[in-house]
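Observations on the model geometry
The primary structure of each chain is shown beneath.
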Amino acid sequence: MNEVCTASGVSKGSLYHHFPSKDELLLQIVEEDTKQWLRDWGDKQRGQADLEERFYLLAEHCANDFQNPLIQTLEEYARSKTHPEAIVQRLSDLYNASLQACRDLLKEGLDTGYLKEGSIEDYLIIFSGLMEGIAKVSELMLHRATSEHISRYYREAMRLLLAGARTE
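None of these values were measured; they are calculated from a predicted model. (Residues numbered from 1 in each chain as written. Predicted model: local features only at pLDDT ≥ 70, side-chain atom pairs only at ≥ 80, totals over all residues. Heavy atoms only, no water.)

**As for the packing of aromatic side chains**
For the structure shown, the criterion picks out one aromatic pair. Ring centres of F55 and Y114 lie 6.1 Å apart, and the angle between their planes is 20°; on these two criteria the pair is classed as stacked. A residue pair is termed long-range when its members are at least 10 positions apart, and F55 in helix α4 (residues 51–65) and Y114 in the loop between α6 (85–111) and α7 (120–141) qualify at 59 residues. For the pair F55 and Y114, a shared accessibility class is recorded, and that class is buried. Just above the ring of Y56 sits the side chain of R155; from NZ or CZ to the centre is 4.1 Å. (Phe/Tyr/Trp six-rings, centres within 6.5 Å; stacked < 30°, edge-to-face > 60°. Helix = DSSP H or I, 4+ residues; strand = E, 2+ residues; numbered from the N terminus. Buried < 20%, exposed > 50% of the residue type's maximum accessible area, 1.4 Å probe, protein only. Lys NZ or Arg CZ within 6 Å of the ring centre and 35° of its normal.)

Structure below.
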């Protein structure tokens, strides 16, 4: 908290007045970041009528966020200890909020017949697992990969996924 106070130029008392705990501070920061990610996604897809292109845009949006340090911090925090039910619920809400963009796109794909008939929850797990897996493997194997490399992996993953899931 000392580092946060120094970096932000506020006193510890002022910081604790607004955020009663480190948990609350972290969750507030991540909740705001998630809202911004969703706003950015909304802006990115707005005006793009082609469903397939929106899938590629979502892969690109994920690629652009894969090195967000808040993601790793939140994962470590979630696994670090047993949390009270209220915090567990907020963590779950954060994860579900970020999945909503994908869920909406998949639902449209299923509703329009663009995607093969299947369970939206199955599609969601496969899609999100693929996107998260690319981030993790890229991070472990390619310490110095450029953003262009990462974007290419996400786009290629989406191409492969859609090749198997599309009706034609």
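**Observations regarding the nonpolar core**
Ranked by internal contacts, the top residues of the largest apolar core, which has 30 residues, are F55, L58, L106, L115, M131, Y154 and M158. Of the residues forming this core, the biggest block, eight residues, is contributed by α4. With eight residues, the next largest nonpolar core counts L26, Y77, L91 and L94 among its residues. (Core = buried A, V, L, I, M, F, W, Y, C linked by side-chain atoms within 4.5 Å.)

**Points about the packing of helix α5 (residues 69–80) against α6**
The geometry of α5 relative to α6 is characterised by a closest axis approach of 11 Å and an angle of 145° between their N-to-C directions. Two packed elements cross with a definite hand, and for α5 against α6 that hand is left-handed. Two secondary-structure elements touch here, α5 through L74, Y77 and A78 and α6 through I87, L91 and L94. Class assignment for the residues of the contact of α5 with α6 results in six nonpolar, no polar and no charged. (Axes fitted to C-alpha atoms, helices over the stretch in contact; angles between N-to-C directions. Left-handed = near helix turned anticlockwise from the far one by under 90°. Contact = heavy atoms within 4.5 Å. Nonpolar A, V, L, I, M, F, W, Y, C, P; charged D, E, K, R; others polar.)

**Quick notes on α7**
Between its first and last C-alpha, α7 extends 31 Å over 22 residues, near the 32 Å set by a 1.5 Å rise per residue. Contact partners of the buried residues in α7: α4, α6 and α8 (147–165). (Expected span 1.5 Å × (residues − 1).)

**Side note on the side chain of R103**
Assignment of secondary structure puts R103 in helix α6. Residue class for R103 comes out buried when judged on its relative accessible area of 19%. With sequence-adjacent residues up to four places away left out, R103 is seen in contact with N96, I120, E121 and L124.

**Some thoughts on the environment of A78**
When you line up the elements, A78 lands in helix α5. Since its relative accessible area comes to 36%, A78 is described here as partly exposed. Distance in space between the C-alpha atoms of A78 and V88 is 8.1 Å, their sequence separation being ten residues. Setting aside residues no more than four positions away along its own chain, A78 makes contact with H83 and L91.

**Some details on a nonpolar patch on the surface**
Among the surface-exposed residues, V137, L140 and M141 lie close enough to one another that they form a single nonpolar patch of about 350 Å² accessible area. With respect to the element layout, M141 can be found in helix α7. (Patch = residues over 30% accessible without salt bridge, like charges linked within 9 Å, V, L, I, M, F, W, Y side chains within 5 Å. Areas by Shrake-Rupley, 256 points an atom, 1.4 Å probe, with all protein chains shown as cover. Salt bridge = Lys/Arg side-chain N within 4 Å of Asp/Glu carboxyl O.)

Geometric descriptors of this kind do not, in isolation, establish any biological role.
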